[in-house]
Amino acid sequence: MVGWSLGKEKLKDGQYDTLKGSYYVNCSPRFADSQVQAELEAKYPSLPEYTAANIWPSEEVLPGFANAFQQLCTLIINVASLVARACDQYAQGSVEGYKPGYLEHVVKTSHVSKARLLHYYPSKSIPGDPSEDDWCATHLDHGCLTGLTSAMFVDEDAHPPLVGTDPLPELDAPLDPKAGLYIRSRSGETVQVKIPRDCLAFQTGEALEVITKGKFKAVPHFVRGPSPSVGKTIARNTLAVFTQPNLWEMVDEERDFATFAKQIVETLMVLAR
């Protein structure tokens, strides 16, 4: 969960996921302070996914990448704080004992917000008939609010992604209208989510569900790939920013976020086996 990752996760069928690659960054502006990062690493040695130093590509390879990445993540976190303020207003009137302004505090002050830049490989790499959630299996985020950019679809056969080339031209649509992000509602309905290109979307995670005693529900979601017959050369790219409490912040009466997150990860590892 730091730097580039491919083939580390297991899907629902037990196979390792090689259909998407991830680039992880601890994206809080506070984490950029090397002293803060070192203190977190010393205090929480068993949670390197939240405390290890970021791994950036060199400026010679990808000039301007780190700066652009950090600017975009900061923008998403700033917008998330406004969304959190609205959530707080609802929670204060709906959750007994809710601490006023708690979620906005979490979003604004967290040292451990995490960004995940995602690249979904063309569906020609998917063996057999693709299932509904072939590009990313159904799951929950375990933070509070996840900020999402719109998806960028690229024809990689027409425009191979090579270091040093101009930005790849973005398709107006993924060719297969069924490809993309889906969520499951509280009633069990499956809904496709299409984020406009100039917008952000936010979805709720497991930590927020616990903090609000179920008034906000973690949203099950998955990503469906295009049919190989029309989209076998199409890749999908997007950025997710997970705003989550500091490791010492409480999510309920007994657990801080460090304990909560470790329990979630351990559960996922058991399921993957």
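Q: I tried to follow the packing of aromatic side chains on my own but got confused; where do I start?
A: Here the distance between the centres and the angle between the planes together describe a pair of aromatic rings. Evaluation of the coordinates by the stated rule reveals 11 aromatic pairs. Taking the centre distance of 6.4 Å and the plane angle of 70° together, the rings of Trp-56 and Phe-65 count as edge-to-face. One aromatic cluster is present, formed by Tyr-23, Trp-56, Phe-65 and Phe-69 through successive ring pairs.

Q: For this particular structure, what's the right way to read the sheet that holds strand E10 (residues 221-224)?
A: Adjacent strands of a sheet form backbone hydrogen bonds with each other and so pair up, either parallel or antiparallel. The sheet built from 4 strands is open, its strands ordered E4-E10-E7-E8 with antiparallel pairing. Every interior strand has two partners, whereas the edge strands, strand E4 (136-139) and strand E8 (190-193), have only one. Strand after strand, the sheet turns through a mean of 25° between neighbouring axes, direction not considered.

Q: Would you mind showing me how to read the side chain of Glu-249 here?
A: Within the secondary structure layout, Glu-249 lies in the loop between strand E11 (234-243) and helix H7 (257-272). One buried charged side chain, Glu-249, makes no salt bridge at all; its nearest oppositely charged neighbour is Lys-99, positioned 6.2 Å away. Glu-249 has contacts with Tyr-102, His-105, Thr-109, Arg-255, Asp-256 and Phe-257, leaving out every residue within four places of it along the chain.

Q: It is not clear to me how helix H1 (residues 34-43) should be interpreted in this structure. Could you clarify?
A: Side chains of residues three or four places apart in an α-helix project in the same direction, reflecting 3.6 residues per turn. All buried positions along H1 are accounted for by Val-36, Gln-37 and Leu-40. Relative to the axis of H1, the buried residues are bounded by an arc of 100° and lie together on one face. Summarising the geometry of H1, the exposed residues directed more than 90 degrees from the buried face are Ser-34, Gln-35 and Ala-42. As for H1, its buried residues are in contact with helix H2 (48-51).

Q: Sorry if this is basic, but what is going on with the pattern of salt bridges here?
A: Counted under the stated rule, the structure contains 5 salt bridges. Arg-197 is paired through a salt bridge with Glu-170; the nearest N and O atoms lie 3.3 Å apart. Separated by 27 residues along the polypeptide, Arg-197 in the loop between E8 and strand E9 (200-204) and Glu-170 in the loop between strand E6 (152-155) and strand E7 (180-184) bring together distant segments of the chain. Several salt bridges converge on common partners, so that one network encompasses Arg-85, Glu-104 and Lys-108.

Q: Mind showing me how you'd approach the environment of Lys-108 here?
A: Here Lys-108 lies in helix H4 (residues 102-109). The partly exposed category is assigned to Lys-108, whose relative accessible area is 41%. The spatial distance from the C-alpha of Lys-108 to the C-alpha of Ala-80 is 8.6 Å, given a sequence separation of 28 residues. Ignoring sequence-local partners within four residues, the contact set of Lys-108 consists of Arg-30, Ser-81 and Arg-85.

Q: I keep staring at helix H3 (residues 65-94) and nothing clicks. Help me out?
A: With 30 residues, H3 extends 42 Å between its outermost C-alpha atoms, agreeing within 8% with the 44 Å of an ideal straight helix rising 1.5 Å per residue. Among the residues of H3, those classed as buried are Ala-66, Phe-69, Cys-73, Ile-76, Ile-77, Ala-80, Ser-81, Ala-84, Cys-87, Asp-88 and Ala-91. Among the structural elements, strand E2 (20-26), H4, strand E3 (114-120), strand E5 (145-149), E9 and E11 are those in contact with the buried residues of H3.

Q: Before we go on, may I ask you to explain a nonpolar patch on the surface in this structure?
A: Side chains of Val-61, Leu-62 and Val-163 sit close together on the surface and give an oily, nonpolar patch of about 240 Å² of accessible area. Looking at where Val-61 falls in the secondary structure, it is placed in the loop between H2 and H3.

Procedures and definitions
- Numbers given to residues run from 1 along each chain, matching the order in which its sequence is written.
- With pLDDT at 70 or above as the cut-off, local features in this predicted model cover only qualifying residues; side-chain atom pairs require 80 or more to be listed or tallied, and sums for whole chains, interfaces and linings still use all residues.
- As a rule here, side-chain values come from all non-hydrogen atoms in the structure, and water together with hydrogens is ignored.
- Within 6.5 Å between ring centres, the rings of Phe, Tyr and Trp (the latter by its six-membered ring) count as paired, and their orientation is classed by plane angle as stacked under 30 degrees, edge-to-face over 60, tilted in between.
- Two strands pair under a simple rule: DSSP has to find at least two bridges between them.
- What counts as a helix is a DSSP run of H or I of at least four residues, what counts as a strand is a run of E of at least two, and both are numbered from the N terminus.
- Angular values range over 0 to 180 degrees, each being the angle between N-to-C directions of two axes fitted as lines to C-alpha atoms, with helices fitted over their stretch in contact.
- For each residue, the accessible area found with a 1.4 Å probe, counting protein chains only, is set against the maximum for its type, and the residue is called buried under 20%, exposed over 50%, and partly exposed in between.
- The charge count includes Lys and Arg as positive and Asp and Glu as negative, but it does not include His or the ends of the chains.
- The term salt bridge refers to a side-chain nitrogen of Lys or Arg lying within 4 Å of a carboxyl oxygen of Asp or Glu.
- We call two residues in contact when some of their heavy atoms are within 4.5 Å.
- By construction, the arc corresponds to the directions joining the helix axis to the C-beta atoms.
- What a helix should span is 1.5 Å times the count of its residues minus one.
- The patch calculation keeps residues exceeding 30% relative accessible area without a salt bridge and links them within 9 Å when they carry like charges or within 5 Å when they are nonpolar (Val, Leu, Ile, Met, Phe, Trp, Tyr).
- Per-residue and other accessible areas were derived by the Shrake-Rupley procedure at a 1.4 Å probe size, with only the shown protein chains allowed to occlude residues.

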